[in-house]
Amino acid sequence: MRLLSSGPRILPEPAASGTRRVVQKAPEGIALEDEANALLARMPKAEVHLHLEGTLAPETLWRMAQRNGVALPAGSLQELRAFYQFDGFDKFARLWRAMCACFRSEADYEQMVDGFVAECTRQHIRYVEAHFTPYNHQRYGIGARRALEVVTRRLEAAERAGGPVTRLILDISSESIPQGGPLTAELFEQEANPLVVAVGLGGPEVGFPRSAAAPYFDRIRRAGYAAVAHAGETEGPEHVRQAVQELGVRRVQHGVRASEDGGTLRMLAERNICCDVALTSNRCLKVYEDLSGHPLKRMIAAGVPVTLSTDDPPFFGTDLVREYALAHQLFGLSVGELWQLNLNGLRYGLAETPVRRRLMLEFNAAAETLGIG
Ligand SMILES: [Zn+2]
């Protein structure tokens, strides 16, 4: 169903991470009579392309750096906020590495998880598959294994307290495959962490073919896990084909540049491989300067399953409600159509089937109450 026609409109910036608001309310600045946006804010949501480290708000990052005596590429909080204007992937990656160096104690990891959980609660996000990159925490932080334990403990406690159901995708970063690949494969092989569902591939794409991670993906899939990978963001369809054919992925993060090749789009549709699209991330990292040229609708029309996500929300000044509102307003997707994308997060999610079914029943009940169908 289409509740409202689309039209160009300036969306408000989301509240700073950690700002508590009444959860039943539409985001500030969106008129309450705008039924579609109110529904998008209130509906229970799934998000399956989000980096746990990428949920750290600039204010939290600044305090963490100060506390731990770590230098950031900015001399003040104001300068740090200004640094979040990216001109491409390289500047984003520079900030990302500086951020990873700031995690020095268990409390730092707990603070990150607490901020993430508060944001999920504020936005009615009930299911998340969060990417987490163990090697970064071996290189900079408290050690990969210990970092994973702290994060797992905190996420389990949040779920027990009625918070979001979170599962973890452990990423290998493309720029440190020789070091991060074996370390991550050993973690998968030696542990039976109840939250970990898949291996992922993150980091830059340009100059880093997806196939380079294949030996480690093979090991981890043989250990019984699913695989996903970032591909088709800053590189073209060839990387998407590598992810599917050489890494054996069940989902692709981004995948938007598969749209440049009909054969690659068909392959995704035929194999029922879902692409986890992040609109604002694509605009901020200049994958598409102008979202009017974004291929989201073409991907859907080609039969490719799609979800909407934020990727790294404070880095891109967005949140999940805003991503849904953008898709509604820029591409004219109705609330009913967006609801189907939302359910794709559960259909193509990698958590245990009974967990996803329980959430689907919860989502269906909420849809009935809210009148979404
Ligand atoms: Zn991502």
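Small disclaimer: the values here were computed from a predicted structure and weren't measured.

Rules used throughout
Residues numbered from 1 in each chain as written. Predicted model: local features only at pLDDT ≥ 70, side-chain atom pairs only at ≥ 80, totals over all residues. Helix = DSSP H or I, 4+ residues; strand = E, 2+ residues; numbered from the N terminus. Buried ≥ 20, exposed ≤ 12 C-beta atoms within 10 Å, placed from the backbone. Contact = placed C-beta atoms within 7 Å. Pairing = 2+ DSSP bridges. Axes fitted to C-alpha atoms, helices over the stretch in contact; angles between N-to-C directions. Left-handed = near helix turned anticlockwise from the far one by under 90°. Nonpolar A, V, L, I, M, F, W, Y, C, P; charged D, E, K, R; others polar. Right-handed = clockwise from strand over helix to strand, strands pointing away. pLDDT = per-residue confidence, 0-100.

Take the overall build of the protein next. For the protein, the count of helices and strands is 16 helices and eight strands. Considered along the principal axes of its C-alpha atoms, the protein spans approximately 50 × 45 × 40 Å. Taking all 373 residues of the protein together, 51% fall into the buried category. The long-range fraction of contacts in the protein, counting pairs at least 24 apart against all pairs at least 6 apart in sequence, stands at 73%.

Let's shift gears to the pairing of strand β2 (residues 125–132). On a regular strand, one side chain projects to one face of the sheet and the next to the other, so that they alternate. Counting buried positions along β2 yields eight of eight residues, so the element is predominantly enclosed. Relative to β2, strand β1 (residues 45–51) is paired through five bridges, and the arrangement is parallel. In the strand pairing of β2, leucine 50 is matched with alanine 130. Of the strand pairs in this sheet, β2 and strand β3 (residues 165–173) are connected by six bridges, and their pairing is parallel. Among the inter-strand pairings, valine 128 is bridged to a residue of β3, identified as threonine 166.

It is at 9 Å that the axes of helix α1 (residues 35–42) and helix α14 (residues 320–331) come closest, and there the two elements cross at 145°. Considering how the two elements wind past one another, α1 and α14 form a crossing that is right-handed. Packed against α1, whose contacting residues are Ala36, Asn37, Leu40 and Ala41, the element α14 presents Val321, Tyr324, Ala325 and His328 at the interface. When grouped by side-chain class, the residues that make up the contact of α1 with α14 number six nonpolar, two polar and no charged.

An order of β1-β2-β3-β4-β5-β6-β7-β8 is seen for the eight strands of this open sheet, with the pairing classed as parallel. Edge positions in the sheet fall to β1 and β8 (306–308), since each has one partner strand and no second. The mean angle between the axes of side-by-side strands here comes to 25°, regardless of whether they run parallel or antiparallel. Across six bridges, the pairing between β3 and strand β4 (residues 196–202) is parallel. For leucine 168, the partnering residue across the bridge sits in β4 and is valine 196. Against the sheet, helix α9 (residues 214–222) contacts β3, β4 and β5 (226–231), and its axis sits at roughly 150° relative to β5.

Our focus in this paragraph is the pairing of β4. When you tally the buried positions in β4, you get six out of seven residues, the bulk of the element. Taken together, β3, helix α8 (residues 177–190) and β4 form a β-α-β motif whose crossover is right-handed. Sheet topology note: the β4/β5 ladder contains two bridges and is parallel. If you follow alanine 198 over to β5, its bridge partner there is alanine 226. Taken together, β4, α9 and β5 constitute a β-α-β crossover, and its handedness is right-handed.

This paragraph deals with the environment of glutamate 35. Tracing the backbone through its elements, the reader meets glutamate 35 in helix α1. Overall, glutamate 35 belongs to the partly exposed group, with 14 C-beta atoms counted inside 10 Å. A sequence separation of 300 residues divides glutamate 35 from valine 335, and the C-alpha atoms of the two residues are 9.7 Å apart.

So, on to the confidence of the model for the protein. As a general rule, the predicted coordinates of low-pLDDT regions are not to be interpreted in detail. Per-residue confidence for the protein averages 91 on the pLDDT scale, and 91% of its residues sit at or above 70. Every residue in residues 1–33 is under pLDDT 50, and counting partners more than four places away or in other chains gives 53 contacts.

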